[in-house]
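Okay, here's what each chain looks like letter by letter:
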Amino acid sequence: MPLQTHTLNALDRSTKNDSPLVFPGERGGYLVIHHFRPYQWRPAQKTAGISPLRRIYDLRHTFATFALRAGISTFDLSRYMGASLTMIDRHYGHLARDGREHAIRLLDELTARQRPRWTLVDAAWTPALANAARQDNESPKLSSEKLEAL
């Protein structure tokens with residue numbers, strides 16, 4: 001069963017409350033992290049047999065690592081995590097599939113015609129529009145023949 005299904009089932013079994021928070025504190029408000037760690041987080045890890053014990057922040061790192069290994073782009077991950085692309089690239093860029101090597105492989109596959117036809121852009125309709133745009137933007141120094149050669 002996928003992890004998301006396990007998570008949703010666990011949330012359904014959790015005590016229902018009137019809080020809009022997924023994991024409310026004991027009184028329905030926000031968790032107090034300094035109370036949560038020693039009294040809920042660490043005991044839960046010990047009960048689950050997790051050793052060595054992990055920090056809560058480690059969940060963020062694990063999510064980022066798994067997301068990039070699954071193929072989520074660094075751009076999307078930065079949005080999900082509320083972090084800059086620079087931070088994602090600095091800490092997790094070596095795991096990203098949208099890195100330099102991945103781009104080179106995609107371009108090589110494209111030029112070798114190894115990619116499925118449906119992934120290629122069908123630009124058959126663009127020449128007429130490109131010619132019209134060229135005429136609108138044509139520099140007086142460049143003739144149409146020179147532009148055609150470009």
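The structure presented is a predicted model; accordingly, all values stated were derived computationally and were not measured.

Cut-offs used in this document
- Residues numbered from 1 in each chain as written.
- Predicted model: local features only at pLDDT ≥ 70, side-chain atom pairs only at ≥ 80, totals over all residues.
- Heavy atoms only, no water.
- Helix = DSSP H or I, 4+ residues; strand = E, 2+ residues; numbered from the N terminus.
- Buried < 20%, exposed > 50% of the residue type's maximum accessible area, 1.4 Å probe, protein only.
- Areas by Shrake-Rupley, 256 points an atom, 1.4 Å probe, with all protein chains shown as cover.
- Salt bridge = Lys/Arg side-chain N within 4 Å of Asp/Glu carboxyl O.
- Arc of directions from axis to C-beta.
- Contact = heavy atoms within 4.5 Å.
- Core = buried A, V, L, I, M, F, W, Y, C linked by side-chain atoms within 4.5 Å.
- Polar contact = N/O pair within 3.5 Å; in protein donor to acceptor, adjacent residues only side chain to side chain.
- Patch = residues over 30% accessible without salt bridge, like charges linked within 9 Å, V, L, I, M, F, W, Y side chains within 5 Å.

1. Describing the overall build of the protein chain
Across its full length, the protein chain carries 8 helices and 0 strands. Each helix and strand of the protein chain, ordered N terminal to C terminal, gives the series α-α-α-α-α-α-α-α. Looking at the 150 residues of the protein chain, the share that counts as buried comes to 15%. Of the roughly 12,700 Å² of accessible surface on the protein chain, a fraction of 57% belongs to carbon and sulfur atoms.

2. A short note on the pattern of salt bridges
All chains considered together, the criterion is met by 2 salt bridges. Among the ionic pairs, Arg55 bridges to Asp58, the shortest N-O distance being 2.8 Å. The closest approach of N and O atoms between Arg79 and Asp76, which form a salt bridge, is 3.9 Å. With Arg79 and Asp76 both in helix α4 (residues 74-81), this residue pair falls 3 residues apart, about one helical turn. When its relative accessible area of 26% is taken as the criterion, Asp76 is described as partly exposed.

3. Quick word on unusual backbone geometry
Residue Pro52 follows Ser51 across a cis peptide bond; omega there is 0°. Structurally, Pro52 is set in the loop between α2 (33-48) and α3 (57-69).

4. So, helix α5 (residues 85-92)
For α5, the complete set of buried residues consists of Met87, Ile88 and Tyr92. For α5, the buried positions fall inside an angular range of 100° around the axis, keeping them on one side. Facing away from the buried side of α5, by more than 90 degrees, are the exposed residues Thr86, Asp89 and Arg90. If you follow the buried residues of α5, they end up packed against α3 and α4.

5. Some details on the nonpolar core
Grouped together as the largest cluster of nonpolar side chains are 11 residues: Ala64, Ala67, Leu68, Leu77, Met81, Ala83, Met87, Ile88, Tyr92, Leu95 and Ala96. For this core, the secondary-structure elements that each account for two or more residues are α3, α4 and α5. Ignoring sequence-local partners within four residues, the contact set of Leu77 consists of Phe63, Ala64, Ala67, Leu68, Ile72 and Ile88.

6. Notes on the environment of Ser84
Note that Ser84 resides in the loop between α4 and α5. Counting along the chain gives 10 residues from Ser84 to Thr74, while the straight-line C-alpha distance between them is 9.5 Å. A polar contact is formed between the side chain of Ser84 and the backbone nitrogen of Met87, at a distance of 3.0 Å.

7. Some thoughts on the side chain of Ser78
Tracing the backbone through its elements, the reader meets Ser78 in helix α4. A distance of 2.7 Å separates a polar side-chain atom of Ser78 from the backbone oxygen of Phe75. Excluding residues that lie within four positions of it along the chain, Ser78 makes contacts with Ala83, Ser84, Leu85 and Ile88.

8. Section: a nonpolar patch on the surface
Together, Val22, Phe23 and Leu31 line one region of the surface with nonpolar side chains, adding up to about 320 Å² of accessible area. Summarising the element assignment, Leu31 is placed in the loop between α1 (3-13) and α2.

9. Concerning the environment of Arg54
Take Arg54: it is sitting in the loop between α2 and α3. With residues near it in sequence (within four places) discarded, Arg54 still touches Trp41 and Gln45. A distance of 2.4 Å separates the side chain of Arg54 from the backbone oxygen of Pro52, its partner in a polar contact.

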